[in-house]
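For reference, the chains in residue letters:
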Amino acid sequence: MATRDPRIDAYIDRAAPFAQPILRHLRAILHEACPGVEETLKWSMPHFMHQGMLCRMAAFKAHCAFGFWKASLIVDRAGGPALGAMGEFGRITRIEDLPPARVLGGYVKQAVRLNEQQVAKPAQKRAPARVVVPPALRTALAGNPAAGKVFRKFTPAQRREYTKWIAEAKGAETRARRVATAVEWIAEGKQHNWKYKK
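Because the structure is predicted, anything quoted here is derived from the model rather than measured.

Asks: An account of the packing of aromatic side chains is requested, with residue identities and associated values reported.
Replies: According to the stated counting rule, one finds nine aromatic pairs in the structure shown. Geometrically, the ring pair formed by Phe66 and Phe68 is edge-to-face, given 5.2 Å between the ring centres and 75 degrees between the ring planes. We note that Phe66, like Phe68, is buried. Residues Trp165 and Trp185 carry aromatic rings whose centres are separated by 5.9 Å and whose planes lie at 10 degrees to one another, so their mutual orientation is stacked. Here Trp185 lies in helix α7 (residues 172-187) and Trp165 lies in helix α6 (residues 156-167), a separation of 20 residues in the sequence. Looking at Trp185, the relative accessible area reads 14%, which means it is buried. Each member of the aromatic cluster is reached from another via a ring pair, and the members are Phe66, Phe68, Phe89 and Tyr107. Between Lys190 and the ring centre of Trp194, over which it is positioned, the NZ or CZ distance is 3.8 Å.

Asks: Can you break down the nonpolar core residue by residue, with the values?
Replies: The tendency in soluble globular proteins is for nonpolar side chains to be buried side by side. By size, the foremost hydrophobic cluster in this structure holds 35 residues, and its most contacted members are Leu23, Met57, Phe66, Phe68, Phe89 and Leu104. For this core, the elements supplying multiple residues, two or more each, are α1 (6-14), α2 (19-33), β2 (45-49), β3 (53-59), β4 (64-68) and α3 (101-116). Among the elements that line this core, the one with the most residues is α2, at seven residues. Dropping the residues within four chain positions of it, Met57 is found in contact with Ile8, Tyr11, Ile12, Leu23, Leu26, Met45, Pro46, Phe48, Ala65 and Phe66.

What counts and how
Residues numbered from 1 in each chain as written. Predicted model: local features only at pLDDT ≥ 70, side-chain atom pairs only at ≥ 80, totals over all residues. Heavy atoms only, no water. Phe/Tyr/Trp six-rings, centres within 6.5 Å; stacked < 30°, edge-to-face > 60°. Buried < 20%, exposed > 50% of the residue type's maximum accessible area, 1.4 Å probe, protein only. Helix = DSSP H or I, 4+ residues; strand = E, 2+ residues; numbered from the N terminus. Lys NZ or Arg CZ within 6 Å of the ring centre and 35° of its normal. Core = buried A, V, L, I, M, F, W, Y, C linked by side-chain atoms within 4.5 Å. Contact = heavy atoms within 4.5 Å.

So this is what it looks like as C-alpha cells:
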C-alpha cells in the first residue's frame, strides 16, 4: 500500500514556485508506476522506497534534481542531457526538461524490478588517491637510481606508506633521518613496514 508522507507535502510547499509543479509531477509518476511506493525524507530530501531505495528528488534555488538509486542500471546516459546537477537528468527548471511521463514511468518500473530481484547497487569505482612524494624523498630517490626504480615499482599503497611516514616528521632532522632510512630500505626492496611482514 502506498504511503504519502506529510513531510513531502511540506517540502513541496516550501519549494520555489517554479519547482512545485515539477516535484508534484515526479511524485505523481512515481505513485502511478509503483502503486506501493513509500515516501520518506532522507538527508533532508524526498526519497521513494519499494523494497529498498528507488529514487530521490530535490529542489534548489534555481533548479530541481531527480535521480535513481541504481541509475547506472536504469538510465542510459550516452547522448543524454548534460548533467551539471545531482541525478541523471541535469538541472531541471521545468517539466519539459524531463523525459516524457511514459519514459520516466518505465524507469521507475525498472527500478522496482531491480529492487524486487534484490539486485545490488553497483559499486562506484574510485580513482586511487594520488601519492604526493615529499620533495626531500624525491631528491634522494633521484640520487639513488636503484632505489628510484624500486620505488616506482611499488604499489600506490606501498609508496604512500613511505611518503606518509616522511611527511609526518615534525622536525628537519627527523625528516632527513627518515629519508635516508627510506632510501636505504627501498634500495633493498623493502616496504616501509617490512619488519612486521611475515
